[in-house]
Amino acid sequence: MATQVTSRLDERTREIVKATVPVLAEHGEAITTHFYKRMLTERPELKNYFNMTHQKDGKQPRALANAVYAAASHIDDLSAIAPAAETIAEKHVSLNIRPEHYPIIGEYLLKAIKEVLGDAVDEEVIDAWELAYGEIADLFISIEDGKYKASAWTGYRLFTIHKKVKESEEITSFYLKPEDGGSLPSYRPGQYIGIKADIPDYPHTQRRQYSLSDAPGKDYLRISVKREGGTEEIPAGLVSTWLHDQVQEGDVVPISAPAGDFYLNESTSRPVVLLSGGVGLTPLMSMYKKTRDERDVYFIHAARNGGVHGLKEEMDGEQTYVIYETPSEEDKTLAAYDKAGYVDLDWLRNVVPKEADFYFCGPEGFMRAMNGALHEWGIPDEQVNYEFFGPKGTL
């Protein structure tokens, strides 16, 4: 249901904010990069909430710049950004973001606008943006309040690592059971949980979301985590490395309740096409295991080779297809794949029906390719569903 938002801003304030849209298009990322740098330097306790890898690779500033630009563009009627706000609010709830955090964000965002743009903005512009930010913050706080009230639990609940299973060279599954022996909530296939990680010798709490990779209705929650390797510019994944190397069966970790707005639509009987790349198969595996006995399901997974293909034994249906970019000699000997190379539209239209609901998840390049192929094929937007890992982007 669309969120209805009635603006409380006067016409002059809205005109000033809208006049900044071209400036935000040009300088938005510089503003948000400066915002994060100053805020996290002066308020280091907030590093307990932010993924610092996404600061270094620019994803978080870029995502915030896009959100600020969208809000300014639609300041007359913030209902237009409500769908995106719903998605962001799901992440905020899993991170336990609270109303008291918003004034801090507003303070540093306004400072960043003034410091980056300098003489290009005057006090009237800053005052207008202060009022606009208050209205945008109220929208998020309202949405998040509803989600907190509907959540299976608030904050974090302690879970025991019941079982740890290596699925491939890169992916390991963790089976989680409530430490208190209590019941588990149902969840929608495709949703995620959050982990709060206090890593030895690291000064800040880390919070990450991981998709649930099994069907609901079990006596455990399962996540399947890829060890994120690093580069010269970007360090290896801090939390994924900790989970793979240090967390063992019997350990206890704090978990937030299932959340997320990327999930299987169970109100339609159309066939389901699941398209995954790499560890993007995790939310789709939950969908597959939930609906494979109820609807016509096609599951297509792309990976570099069989060595990194996690959960492969669970892709056991007749309408599952495996594509390896560079199959190994063992893959070739075992005939372990259906296609070498990439998923492309010519191949896709020969193996799946057009009148279906399409879900896809994976690395950004894979996502863009799938989105482009489906639109070229003429699949209606309402039948196309996708999930980004990390800050929400635009395909």
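The name an unreviewed UniProt entry assigns to the chain is Flavohemoprotein, from the organism Salimicrobium album. The annotation that UniProt attaches to the chain under Function (unreviewed entry) is "Is involved in NO detoxification in an aerobic process, termed nitric oxide dioxygenase (NOD) reaction that utilizes O(2) and NAD(P)H to convert NO to nitrate, which protects the bacterium from various noxious nitrogen compounds. Therefore, plays a central role in the inducible response to nitrosative stress."

Caption draft 1: Structural view of the overall build of the chain. A count of helical and extended segments in the chain gives 12 helices and 12 strands. By principal-axis analysis of the C-alpha atoms, the chain measures approximately 70 × 50 × 45 Å. The 395 residues of the chain split such that 52% are buried. Put simply, 70% of the contacts in the chain that link residues at least 6 apart link residues at least 24 apart. Looking at the chain as shown, the accessible area adds up to about 18400 Å², and 49% of this sits on carbon and sulfur atoms. Each charge class in the chain can be summarised by its mean position, and for the 43 positive and 63 negative side chains these summaries are 3 Å apart.

Caption draft 2: Broad picture of empty space enclosed by the protein. Taken as a whole and judged by the stated rule, the model has 2 cavities of 30 Å³ or more. Taken together, Val93, Ser94, Tyr148, Ser151, Trp153, Thr154, Gly155, Ser256 and Ala257 make up the lining of the largest cavity. Residues that form the lining of the largest cavity fall into these classes: 4 nonpolar, 5 polar and no charged. Its volume calculated, the second largest cavity comes out at about 30 Å³. Forming the boundary of the second largest cavity are Leu24, Gly28, Ile31, Thr32, Val68, Leu109 and Ile113.

Caption draft 3: Region of interest: the pairing of strand S2 (residues 171-178). Of all 8 residues in S2, 7 are buried, a share of seventy percent or more. Looking at chain direction, strand S1 (residues 157-166) and S2 are connected through 7 bridges and run antiparallel. Its bridge partner being in S2, threonine 160 is matched across the sheet by lysine 177. Judged from the 6 bridges that link them, S2 and strand S5 (residues 221-226) form a sheet pairing that is antiparallel. The partner of phenylalanine 174 across the bridge, within S5, is isoleucine 223.

Caption draft 4: Structural detail: the packing of aromatic side chains. Enumeration according to the criterion identifies 10 aromatic pairs in this entry. Here the aromatic rings of tyrosine 321 and tryptophan 347 are separated by 5.8 Å at their centres, their planes lie at 85°, and the arrangement is edge-to-face. Taken together, the residues tyrosine 321 in strand S9 (residues 320-324) and tryptophan 347 in helix H11 (residues 345-351) connect sequence positions 26 residues apart. In terms of burial, tyrosine 321 and tryptophan 347 fall into one category: buried. Their ring planes at 45° and their centres at 5.8 Å tell us that tyrosine 324 and tyrosine 337 sit as a pair that is tilted. Taken together, the residues tyrosine 324 in strand S9 and tyrosine 337 in the loop between helix H10 (329-334) and strand S10 (339-340) connect sequence positions 13 residues apart.

Caption draft 5: View of the side chain of aspartate 331. Of note, aspartate 331 is situated in helix H10. Those residues within four positions of aspartate 331 in sequence are excluded, and the remaining contacts are Asn305, Gly306, Tyr324, Ala336 and Tyr337.

Caption draft 6: View of the UniProt feature "binding site: heme b" (unreviewed entry) in the chain. Those places that UniProt annotates as "binding site: heme b" (unreviewed entry) correspond, in this numbering, to His92. Here histidine 92 shows up in helix H5 (residues 82-94).

Caption draft 7: Seen up close, the packing of helix H6 (residues 102-117) against helix H7 (residues 123-150). Packing of H6 against H7 leaves a shortest axis separation of 10 Å and a crossing angle of 150°. The angle between the axes of H6 and H7 places the two elements in the roughly antiparallel class. Crossing geometry of H6 relative to H7 is assigned as right-handed. Touching Tyr102, Ile105, Gly106, Leu109, Leu110, Ile113 and Lys114 of H6 are Glu123, Ile126, Trp129, Glu130, Tyr133, Ala137, Phe140, Ile141 and Glu144, all from H7.

Conventions and cut-offs
- Residues numbered from 1 in each chain as written.
- Predicted model: local features only at pLDDT ≥ 70, side-chain atom pairs only at ≥ 80, totals over all residues.
- Heavy atoms only, no water.
- UniProt positions renumbered as here; feature names shortened; annotations may be inferred.
- Helix = DSSP H or I, 4+ residues; strand = E, 2+ residues; numbered from the N terminus.
- Buried < 20%, exposed > 50% of the residue type's maximum accessible area, 1.4 Å probe, protein only.
- Contact = heavy atoms within 4.5 Å.
- Areas by Shrake-Rupley, 256 points an atom, 1.4 Å probe, with all protein chains shown as cover.
- Lys, Arg positive; Asp, Glu negative; His and termini not counted.
- Charge placed at Lys NZ, Arg CZ, Asp CG, Glu CD.
- 1 Å grid on protein atoms, 1.4 Å probe; cavity = no way out; pocket = protein on both sides within 12 Å on 5 of 7 lines; lining within 4 Å.
- Points joined across faces, edges and corners; volume = space filled by probe spheres on them.
- Nonpolar A, V, L, I, M, F, W, Y, C, P; charged D, E, K, R; others polar.
- Pairing = 2+ DSSP bridges.
- Phe/Tyr/Trp six-rings, centres within 6.5 Å; stacked < 30°, edge-to-face > 60°.
- Axes fitted to C-alpha atoms, helices over the stretch in contact; angles between N-to-C directions.
- Parallel < 35°, antiparallel > 145°, perpendicular 65-115°, else oblique.
- Left-handed = near helix turned anticlockwise from the far one by under 90°.

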